[in-house]
Amino acid sequence: MARTCCWGGLTLPILLLHCSVFIIQQLPTVSAQDSELGDAANLLKQATDIIKTKNYGDALGYLNDAIEADPNLSEAYRHRAYVLRHLCRYEESDLNYKKFLELKPGTVVAEKELSQLVQAQNALNLAFNSFESGDIDKALEYIDKVVLVFSPGCSKAKLLKVKLLLAKKDYSSAISETGYILKENENNLDALLLRGRAYYYLSDHDVALRHFQKGLRSDPEHVELKKAYFGLKNLLKKTKSAEDNVEKGKLRLAVEDFKAALALDPSHTTHNVHLHLGLCKVLVKLGRGKDAVNSCSEALDIDGELIEALTQRGEAKLLIEDWEGAVDDLKNAAQRSPQDMHIREALMRAEKSLKLSKRKDWYKILGVSRTSSVAEIKRAYKKLALQWHPDKNVDNREEAEAQFREIAAAYEVLGDEDKRVRYDRGEDIEDMGMGGGGGGGFNPFGAGGQQYTFHFEGGGFPGGFGFDF
């Protein structure tokens, strides 16, 4: 038989039921609104904790939820305005600050932050304007000293800063800045493009290609990434073609390839310096001195310490008979690389050519080439001697005598096989007693000079000048 317990006439099961109902009726009631307010406060607290980690994107999500849960939660508006300002979403930030000040008018901190927002927004606009007008330093000043101070999470400002660094050719800093951006988002296509360009301008082409390829894997139709990738591939192809043609001895084709590669990106100086040098060397081999001088000068304008370009320009100047210029370049190169025997040998040639250039050019005086035969030299001499015979130039006798001395001295050297050989070797003919027509040298009119008598069908020249062949 089951046992029961009574309490005031009630059995135990019934008593327990009545007690439970009584306890429940005594608990405070929690409305749905109170629950939402509690959720909003918790969401705000989570958002503020996340803001401290600078994870603004996640913080913004919590703040949006908090405001949805409690549209009058003023601090949520202020924190959301703060986050939006950091991300340089200025218009949205402005609305949130104004909503906060509507709920909490006269709050000094919020008014100060709103003022900072306006400064950052104006500075960002001025930075873009300065960039477009070419004032790179001013634009960087706006970004570093204002925008990224009040909006450190501003992606637009960070990317603009990288573009400014590229414009200043500060490629290492551009790589560092894009590294921070990619740490936050490794698939940021703009950062991949700009970082690839920095490596490109440092001529680290393999790394540049990897950045462009990574971006294109995310977006195969990205216009700028495609242009950068295929542009670099084309440059490398043209460069290799030029180098291969040099190896094969196809120098004229190499010239065209070097020129085509240079035309692809004139601003790519770290690569173009080698293209200019390669072109210069080929042009020297082809004997195109003037063009070679121009190409080597382009290389030296980029890198004034490039000894090989200095040497090749010296060789090119020898081709165009710029003896002094050749000596200057080769002497400069020899001083920088004193152990290079090729440079020393080229310098000796240049110095010899300079010395020879300062003596009389007997071939030029007679109007003959260095390959002329003895008979050709004799005919030229005979013609000029007749033309400048003083008795035929009574009106300009002094000039005629001077010209005649030059002609006679030239023939004395070039008409003598031994003297001509020595002259062609670069020996100093003055050491043989030739004065080149000077006051103490050879004088066909002097008492001790050689007497020449011309015999023509019409007789000799009057006046006592006779020349005999």
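Calculation notes
Residues numbered from 1 in each chain as written. Predicted model: local features only at pLDDT ≥ 70, side-chain atom pairs only at ≥ 80, totals over all residues. Heavy atoms only, no water. Disulfide = S-S within 2.5 Å. Helix = DSSP H or I, 4+ residues; strand = E, 2+ residues; numbered from the N terminus. Buried < 20%, exposed > 50% of the residue type's maximum accessible area, 1.4 Å probe, protein only. Phe/Tyr/Trp six-rings, centres within 6.5 Å; stacked < 30°, edge-to-face > 60°. Lys NZ or Arg CZ within 6 Å of the ring centre and 35° of its normal. Expected span 1.5 Å × (residues − 1). Contact = heavy atoms within 4.5 Å. Salt bridge = Lys/Arg side-chain N within 4 Å of Asp/Glu carboxyl O. Core = buried A, V, L, I, M, F, W, Y, C linked by side-chain atoms within 4.5 Å. Axes fitted to C-alpha atoms, helices over the stretch in contact; angles between N-to-C directions. Parallel < 35°, antiparallel > 145°, perpendicular 65-115°, else oblique. Left-handed = near helix turned anticlockwise from the far one by under 90°. Nonpolar A, V, L, I, M, F, W, Y, C, P; charged D, E, K, R; others polar.

Caption draft 1: Spatial organisation of the state of the cysteines. Inspection of the entire model under this criterion finds two disulfides. Across a sulfur-sulfur distance of 2.1 Å, cysteine 88 and cysteine 154 are joined as a disulfide pair. Judged by the sign of its S-S torsion, about 75 degrees, the bond between cysteine 88 and cysteine 154 is right-handed. In this pair, cysteine 88 sits in the loop between α4 (74-86) and α5 (90-103) while cysteine 154 sits in the loop between α7 (136-150) and α8 (155-167), placing the two residues 66 residues apart along the sequence. Each of the two residues, cysteine 88 as well as cysteine 154, counts as buried. Shown here is the disulfide that connects cysteine 280 with cysteine 296, its sulfur atoms set 2.0 Å apart. Here cysteine 280 and cysteine 296 share a disulfide; its torsion about the S-S bond, -95 degrees, makes the bridge left-handed. Placement of cysteine 280 in helix α14 (residues 269-285) and of cysteine 296 in helix α15 (residues 289-302) is noted, with a sequence separation of 16 residues between them. Given the relative accessible area of 0%, cysteine 280 is considered buried. With a relative accessible area of 0%, cysteine 296 lands in the buried category.

Caption draft 2: Representation of the packing of aromatic side chains within the structure. A complete count under the given rule lists five aromatic pairs for this structure. Where tyrosine 200 meets tyrosine 201, the ring centres are 4.8 Å apart and the plane angle is 70 degrees; that geometry is what we call edge-to-face. A relative accessible area of 10% places tyrosine 200 in the buried class. Seen in terms of ring centroids, tyrosine 229 and phenylalanine 230 are 5.0 Å apart; in terms of plane orientation they differ by 80 degrees. Their pairing is edge-to-face. Taking relative accessible area as the criterion, tyrosine 229 reaches 14% and is therefore assigned buried. Of note, lysine 138 hangs over the ring of tyrosine 142, and the distance from its end group to the ring centre comes to 6.0 Å. In this structure, arginine 359 packs its charged tip against the face of tyrosine 423, placed 3.5 Å from the ring centre.

Caption draft 3: Just α5, in detail. In a regular helix each residue adds 1.5 Å, so 14 residues correspond to 20 Å; α5 covers 20 Å between its end C-alpha atoms and thus fits that length. On its buried side, α5 packs onto α3 (56-69), α4, α6 (108-133) and α7.

Caption draft 4: Region of the structure containing the pattern of salt bridges. One pass over the structure, following the stated rule, counts 28 salt bridges. Between lysine 158 and glutamate 184 there is a salt bridge; the shortest N-O distance is 3.2 Å. In this pair, lysine 158 is assigned in helix α8 and glutamate 184 in helix α9 (residues 171-184), connecting sequence segments 26 residues apart. We classify glutamate 184 as exposed; its relative accessible area is 60%. A network of salt bridges, in which partner residues are shared, links Glu75, Arg78 and Glu113.

Caption draft 5: Representation of unusual backbone geometry in the model. A positive phi angle, close to 65 degrees, is found at lysine 169, a residue other than glycine. Position of lysine 169 among the secondary structure elements: in the loop between α8 and α9. Positioned with a positive phi, serine 203 is a non-glycine residue whose angle comes to about 65 degrees. Here serine 203 lies in the loop between α10 (189-201) and α11 (205-218). Overall, serine 203 belongs to the partly exposed group, its relative accessible area being 27%.

Caption draft 6: Representation of the nonpolar core within the structure. Counting residues in each nonpolar core, the largest one holds 44 residues, and the members touching the most others are Phe212, Leu232 and Phe258. Of all the elements in the fold, those that place two or more residues in this core are α8, α9, α10, α11, α12 (223-247), α13 (251-264), α14 and α15. With eight residues, the single largest contributor to this core is α10. Once residues within four sequence positions are removed from consideration, leucine 232 is found in contact with Tyr200, His205, Ala208, Leu209 and Phe212. By size, the runner-up hydrophobic cluster in this structure holds 41 residues, among which are Leu43, Leu44, Ile51 and Ala120.

Caption draft 7: Broad picture of the packing of helix α17 (residues 323-336) against helix α18 (residues 341-357). Packing of α17 against α18 brings their axes to within 9 Å, and their N-to-C directions diverge by 155 degrees. Here α17 is positioned roughly antiparallel relative to α18, judged by the angle of their axes. As for the relative orientation of α17 and α18, their crossing is left-handed in sense. Of α18, the residues touching α17 (which contributes Trp323, Glu324, Ala326, Val327, Leu330, Lys331, Ala333 and Ala334) are Ile343, Ala346, Leu347, Ala350, Glu351, Ser353, Leu354 and Ser357. Across the contact of α17 with α18, the residue classes tally to 11 nonpolar, two polar and three charged.

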